[in-house]
Amino acid sequence: MTMTAYATKELKAETLAAAVLVMEAYRGQGDNFPGNFDTHPAIKSQAAGEGFSFTADMSGLLSPVAFGLNRQGGVQAQIVSLSSGKPLDAQIEKAIGRVGGPSGPAGKPKPGV
Amino acid sequence: MGFGAKLKSLLTAFLYKLGIWKESERIPHGSDRPDNVVIPAGSHGRLEADAVILSEGDRVVLSIGHDFADVPSWVEWDMRTGRLSVAQMGGALAELRLELPLFYKERMKNVKRLALVTGQGHEKMMHYVAFIMREA
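Criteria and thresholds
In this convention, every chain numbers its residues from 1, walking through the sequence in written order. Going through the entries in the order they are written, you letter the chains from A and number the ligands from 1. Local features in this predicted model are restricted to residues whose pLDDT is 70 or higher, and side-chain atom pairs enter the listing and the counts only when it is 80 or higher, whereas totals over whole chains, interfaces and linings include all residues. For the side-chain quantities, the full set of heavy atoms in the structure was used; hydrogens and water were omitted. Each helix is a run of H or I in the DSSP string that is no shorter than four residues. Each strand is a run of E no shorter than two, and both are numbered from the N terminus. Here the term buried applies to any residue with accessible area under 20% of the maximum for its type, exposed to any over 50%, and partly exposed to those in between, with areas from a 1.4 Å probe on protein chains only. Any two residues having at least one pair of non-hydrogen atoms within 4.5 Å are treated as being in contact. Each accessible area is a Shrake-Rupley estimate made with a 1.4 Å probe; only the visible protein chains count as cover when residues are assessed. Each salt bridge in this description consists of a side-chain nitrogen of Lys or Arg and a carboxyl oxygen of Asp or Glu lying within 4 Å of one another. Joining two parts hides part of their accessible area as seen by a 1.4 Å probe, and the buried area is that hidden amount summed over both. Any pair of N or O atoms that falls within 3.5 Å is considered a polar contact. Within protein, one atom must be able to donate a hydrogen and the other to accept it, and sequence-neighbouring residues count only if both atoms are side-chain atoms. All residues other than Ala, Val, Leu, Ile, Met, Phe, Trp, Tyr, Cys, Pro, Asp, Glu, Lys and Arg, Gly among them, are scored as polar; the first ten of these are nonpolar and the last four charged. Every helix has an expected span of 1.5 Å times one less than the residues it contains. The rule for pairing is simple: two strands pair if DSSP sees at least two bridges between them.

Along the backbone of chain A there are two helices and five strands. When the helices and strands of chain A are listed from N to C terminus, the series reads β-α-β-β-β-β-α. Sorting the 113 residues of chain A into buried and exposed places 44% on the buried side. Pairs at least 24 residues apart make up 46% of the contacts formed inside chain A by residues separated by at least 6 positions. Carbon and sulfur atoms provide 53% of the accessible area of chain A, an area that totals close to 6,000 Å².

Below you can see the structure in the form of structure tokens.
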């Protein structure tokens, strides 16, 4: 099943990283979600009233994941590929930093083009 | 009712009949002032935080870079404006900057609940809340 993301123009790496980790936990638990939310090794959580407070371990993605990321006001989606076993926030920082529009590195025209 | 009160009532009725005293004058000034309007607890109004919605089939995660002061109750999508809002237990309604395009209607039509992730930095909260679509 294809995973897709739609985000505000400005997006912080930790906002997206937390979403990716929670989605991985959600996927692994099916109908039990969110009962066993803290069984995901990258999520250290405790029940807090109506919800769960958690700290995401940014190095803990279990399996590689790829998805299309659309930004509000953007024209086309960017494919974000994330590996397991590498710091997640650093990977995301690098990936979303590249969607900077015309001023971002990816948007700069190559010399002579 | 004493004689004085009876006389006052009679004179008041007489003045109304002659049109000298209008009905509106009986209402004390300022009584319609919204003194009793209760400001809801929590994050209310437009929210400038970053946000992302991640979906895979019927599984949806909405992550918002904001610490809510009150417990989120549900998320609603107003399809007329495209805006997503987070309703909270105390009655506050935070309107996100994130506007979903209309093609998300097909993707979201079977979604009844979503995982709502909130918070700035690496400390987060997750609530599994109801999702409502408001059609135009």
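A full pass over the atoms with the stated rule returns ten salt bridges over all chains. Its salt-bridge partner being B:Arg97, residue B:Glu48 comes within 3.9 Å of it at the nearest N-O pair. Taken together, the positions of B:Glu48 in the loop between strand 1 (45-46) and strand 2 (51-56) and B:Arg97 in strand 6 (residues 93-99) put the pair 49 residues apart, joining distant regions of the chain. Of the charged contacts in the structure, one is a salt bridge between B:Lys109 and B:Glu106, with a shortest N-O distance of 2.6 Å. Bridged by salt links that share partners, the residues A:Glu10, B:Glu48 and B:Arg97 form one connected network.

Contact residues are listed per partner, giving 36 residues for chain A and 37 residues for chain B. Buried surface at the junction of chain A and chain B, both sides included, amounts to about 3,200 Å², of which 62% is carbon and sulfur. Across the contact surface, chain A and chain B share two salt bridges. With a shortest N-O distance of 3.1 Å, A:Glu10 and B:Arg97 are connected by a salt bridge. On the surface where chain A and chain B come into contact, there are 15 residue pairs in polar contact (both at pLDDT 80 or more). Mapped onto the side of chain A that touches chain B, the elements with two or more residues apiece are strand 1 (3-7), helix 1 (13-29) and strand 3 (51-56) of chain A. If one sorts the elements of the side of chain A that touches chain B by residue count, helix 1 of chain A sits on top with ten residues. Considering only residue class, the side of chain A that touches chain B consists of 22 nonpolar, eight polar and six charged.

Here we take up helix 1 of chain A. Residue and element names in this part refer to chain A. Taking 1.5 Å per residue, 17 residues should reach 24 Å; helix 1 reaches 25 Å between its end C-alpha atoms and fits that length. Across the 17 residues of helix 1, 14 count as buried, placing the element largely inside the fold. Immediately beyond the C-terminal end of helix 1, within one or two residues, lies glycine 30, with a positive phi of roughly 55 degrees.

Here we take up the pairing of strand 4 (residues 72-78) of chain B. All names here are of chain B. In this sheet, strand 5 (residues 83-88) lies alongside strand 4 in antiparallel orientation, the contact comprising five bridges. Within strand 5, the residue paired with valine 75 across the bridge is valine 86. Two elements, strand 4 and strand 8 (residues 123-134), share five bridges in a ladder whose sense is parallel. If you follow valine 75 over to strand 8, its bridge partner there is phenylalanine 131.

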